[in-house]
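# Coordinate inspection notes
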Amino acid sequence: MSKGSRDRADKARRIVEQQRLAERRRTVTLWTSVAVVAVLIIAGVIGYSMVSGKDEKTQTALVTPSVAVDEGTAFAVGSGPVTVDLYEDFMCPICKNFESASSAGLRQLATAGKVTLRYHVVSILDRASNGTEYSTRSAGAAAAAAEEGKFTEFHDALYADQPEENSDGLSNAKIIEIGKSIGLTSDKFAEAVNAGMYTAWATKATETFSARHFNGTPTIVVNGTQVTGPQDSVPTLDLITQAVDKAAG
């Protein structure tokens, strides 16, 4: 074989060998990629299962208080012919001011048989409690108090001890302590608070509030008509009383 022929043969062998090496690299790369994808899929499935499992564990079933009225979203005081709906959030400072100014007068109207007060405790200010969801927890606690026949007492006591917005709110232990101070001494109330028994109910009450196209607290509605003060401010007791008298005819 001539030198030129040997050189061409050697070159051909090198080309073939390079092609074989390249093919082996492609095969290794392919299987590595398959393995990586498989690991990512498995990790995703495990991660989803863990998150789903967590949601299933933390999500509470909807428990509606047996004493609730208005589609299970409110608690009634009195039984008069005119309905006054009060939508409030226990974290709302304006609600506390409204209660301080108007609660006694409204309760008198209920005692006199003129109105039925319906308290809707909603949770639109969870964002104002540093992640502790105080609005939801306090609304749920109020539902537990209502089941024990102590809604108004607990409602008033929570506003008397209202935490500041953008604080952590009251702890469950403090809420239970407030409950004990107004006669909620049974284990049933404490267990309901600690277990978040009425968390889903508080969410439903808030969703109903939004579905009715309300977006701020306090909201006062007399026989289906929202009552407001000048420039959509919170109405005074006098304005609410006028609306009640008008509705009564």
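So, a few notes on the structure that sits alongside this text. Quick caveat, the model's predicted, so the values are computed rather than measured.

Definitions and cut-offs
- Residues numbered from 1 in each chain as written.
- Predicted model: local features only at pLDDT ≥ 70, side-chain atom pairs only at ≥ 80, totals over all residues.
- Heavy atoms only, no water.
- Salt bridge = Lys/Arg side-chain N within 4 Å of Asp/Glu carboxyl O.
- Helix = DSSP H or I, 4+ residues; strand = E, 2+ residues; numbered from the N terminus.
- Buried < 20%, exposed > 50% of the residue type's maximum accessible area, 1.4 Å probe, protein only.
- Axes fitted to C-alpha atoms, helices over the stretch in contact; angles between N-to-C directions.
- Parallel < 35°, antiparallel > 145°, perpendicular 65-115°, else oblique.
- Left-handed = near helix turned anticlockwise from the far one by under 90°.
- Contact = heavy atoms within 4.5 Å.
- Nonpolar A, V, L, I, M, F, W, Y, C, P; charged D, E, K, R; others polar.
- Expected span 1.5 Å × (residues − 1).
- Bend = angle between axes of the 7 residues up to and from the residue.
- Pairing = 2+ DSSP bridges.

## With respect to the pattern of salt bridges
- For the coordinates displayed, the defined rule picks out 7 salt bridges.
- Across the pair Asp-156 and Arg-107 runs a salt bridge whose closest N-O atoms are separated by 2.9 Å. Residue Asp-156 is found in helix 4 (residues 151-160), and its partner Arg-107 is found in helix 2 (residues 93-111); the two are separated by 49 residues along the sequence.
- Using a relative accessible area of 32% as the deciding quantity, one classes Asp-156 as partly exposed.
- We note a salt bridge from Lys-174 to Glu-177, for which the minimum N-O separation is 3.2 Å. Here Lys-174 pairs with Glu-177, and both are found in helix 5 (residues 172-181), just 3 residues apart, close to one helical turn.

## Overview of the packing of helix 3 (residues 134-147) against helix 4
- Helix 4 packs onto helix 3 with a crossing angle of 150° between their chain directions and a minimal axis gap of 8 Å. In terms of their interaxial angle, helix 3 and helix 4 are classed as roughly antiparallel. Between helix 3 and helix 4 lies a crossing whose hand is right-handed. Where helix 3 abuts helix 4, its residues Tyr-134, Ser-138, Ala-141, Ala-142, Ala-145 and Ala-146 lie against Phe-151, Phe-154 and Leu-158.
- For the contact of helix 3 with helix 4, the class distribution of residues is 8 nonpolar, 1 polar and no charged.

## With respect to the packing of helix 3 against helix 6 (residues 187-195)
- Look at helix 3 against helix 6: their axes get within 9 Å of each other, and the N-to-C directions meet at 160°. Classed by the angle they form, the pair helix 3 and helix 6 counts as roughly antiparallel. In the packing of helix 3 onto helix 6, the handedness of the crossing is right-handed. On helix 6, the residues that touch Ala-141, Ala-144 and Ala-145 of helix 3 are Phe-189, Ala-192 and Val-193.
- A per-class count over the contact of helix 3 with helix 6 returns 6 nonpolar, no polar and no charged.

## Some thoughts on unusual backbone geometry
- Looking along the chain, the bond that leaves Thr-217 and enters Pro-218 is cis, with omega of -5°.
- Residue placement: Pro-218 occurs in the loop between helix 7 (199-211) and strand 4 (219-222).
- The backbone of Gln-231 sits at a positive phi, close to 55°, despite the residue not being glycine.
- Within the fold, Gln-231 resides in the loop between strand 5 (225-227) and helix 8 (237-248).

## Some thoughts on helix 2
- Compared with the 27 Å implied by 1.5 Å per residue over 19 residues, the 26 Å span of helix 2 between its first and last C-alpha is a close match.
- Where helix 2 bends most, the angle comes to about 55°, and this point is Ser-102.
- Burial in helix 2 covers these residues: Cys-95, Phe-98, Glu-99, Ser-102, Ser-103, Gly-105, Leu-106, Arg-107, Leu-109 and Ala-110.
- Each element contacted by the buried residues of helix 2 is listed here: strand 1 (75-77), strand 2 (82-88), strand 3 (115-121), helix 4, strand 4 and helix 8.
- Positive backbone phi, approximately 80°, marks Gly-113, located one or two places after helix 2.

## A word on the sheet that holds strand 5
- Strand order in the open sheet formed by 5 strands is 1-3-2-4-5, with mixed pairing between adjacent strands. Single-partner strands in this sheet number two, and they are strand 1 and strand 5. Between one strand and the next, the sheet's axes are offset by a mean angle of 25°, whatever the strand orientation.
- Where strand 1 meets strand 3, 3 bridges bridge the pair, whose relative direction is antiparallel. Across the sheet, the residue bridging to Ala-76 is Arg-118, located in strand 3.
- On the sheet, helix 8 packs against strand 2, strand 3, strand 4 and strand 5 and is oriented at approximately 20° with respect to strand 4.

## As for helix 3
- The end-to-end C-alpha distance of helix 3 is 20 Å, a good match for the 20 Å that 14 residues give at a rise of 1.5 Å each.
- Summarising burial for helix 3: 12 of the 14 residues are buried, a large majority.
- Here helix 3 has its buried residues at Tyr-134, Ser-135, Thr-136, Ser-138, Ala-139, Gly-140, Ala-141, Ala-142, Ala-143, Ala-144, Ala-145 and Ala-146.
- Looking at the packing, one finds that the buried side of helix 3 touches strand 1, strand 3, helix 4, helix 5, helix 6 and helix 7.
- In the segment just after helix 3, Gly-149 is the residue with positive phi, at about 75°.

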